[in-house]
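Observations on the three-dimensional arrangement
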Amino acid sequence: MKPKINIITLAVHDLKKSIAFYKDGLGLPMEELVEGVDHVIFGLEGDLSLVLYLRTELEEFNQSNPLEKSSNVILSCAVESKKEVDSILKTATEYGGTILPNQPKDHDWGYSGHFKDPDGHIWEIVYFGKVSNA
């Protein structure tokens, strides 16, 4: 894994209001905007993306302890393969991390896995590509 954060995910209550704030209020670029039902991705400089994600959807990642609130931020690292996602998740658990429920997951856009570091911060390791056995 390259020691680089590619994606910062922020939990938001109102996606439309937050999109307007970041787009119109802060002037984030629209050229690489990707919209989903529960999130939006702003492509930024330096291979960095800012994701605004509905808080209700992010809270699903933290089902292991209902008394514990979900992190307001997810740090993400894009990697080169599904195999690399699995390897990093394995190493994270060996050093005190905890894989979140129902992780890793295949998606139509790729493959990802979420874990908590020993302090409870959520990390996502993501492969953007066709899912294969590689």
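Use the structure listed above.
We now turn to the structure provided with this report.

Taken together, the side chains of I5, I8 and V73 define a hydrophobic patch exposed on the protein surface, amounting to about 190 Å² of accessible area. Note on placement: I5 falls in the segment before β1 (7-12).

What follows deals with the packing of aromatic side chains. Within this structure, the stated rule accounts for 2 aromatic pairs. Over the face of the ring belonging to Y111 we find K82, whose NZ or CZ atom lies 4.8 Å from the ring centre.

Looking now at helix α3 (residues 82-94). The end-to-end C-alpha distance of α3, which contains 13 residues, comes to 19 Å, matching closely the 18 Å that a straight helix rising 1.5 Å per residue would cover. Listed as buried for α3 are K82, V85, I88, L89 and A92. The arc that holds every buried residue of α3, seen down its axis, measures 125 degrees, which confines them to one face. Turned more than 90 degrees away from the buried face of α3 sit K83 and K90, all of them exposed.

Examined bridge by bridge, β1 and strand β4 (residues 48-54) share 6 bridges and lie parallel to one another. Bridge assignment links T9 to a residue of β4, and that residue is V51. Bridge count between β1 and strand β5 (residues 73-78): 4 bridges; the pairing is antiparallel. Looking across to β5, one finds that I7 is bridged to S76.

Conventions and cut-offs
Residues numbered from 1 in each chain as written. Predicted model: local features only at pLDDT ≥ 70, side-chain atom pairs only at ≥ 80, totals over all residues. Heavy atoms only, no water. Patch = residues over 30% accessible without salt bridge, like charges linked within 9 Å, V, L, I, M, F, W, Y side chains within 5 Å. Areas by Shrake-Rupley, 256 points an atom, 1.4 Å probe, with all protein chains shown as cover. Salt bridge = Lys/Arg side-chain N within 4 Å of Asp/Glu carboxyl O. Helix = DSSP H or I, 4+ residues; strand = E, 2+ residues; numbered from the N terminus. Phe/Tyr/Trp six-rings, centres within 6.5 Å; stacked < 30°, edge-to-face > 60°. Lys NZ or Arg CZ within 6 Å of the ring centre and 35° of its normal. Expected span 1.5 Å × (residues − 1). Buried < 20%, exposed > 50% of the residue type's maximum accessible area, 1.4 Å probe, protein only. Arc of directions from axis to C-beta. Pairing = 2+ DSSP bridges.

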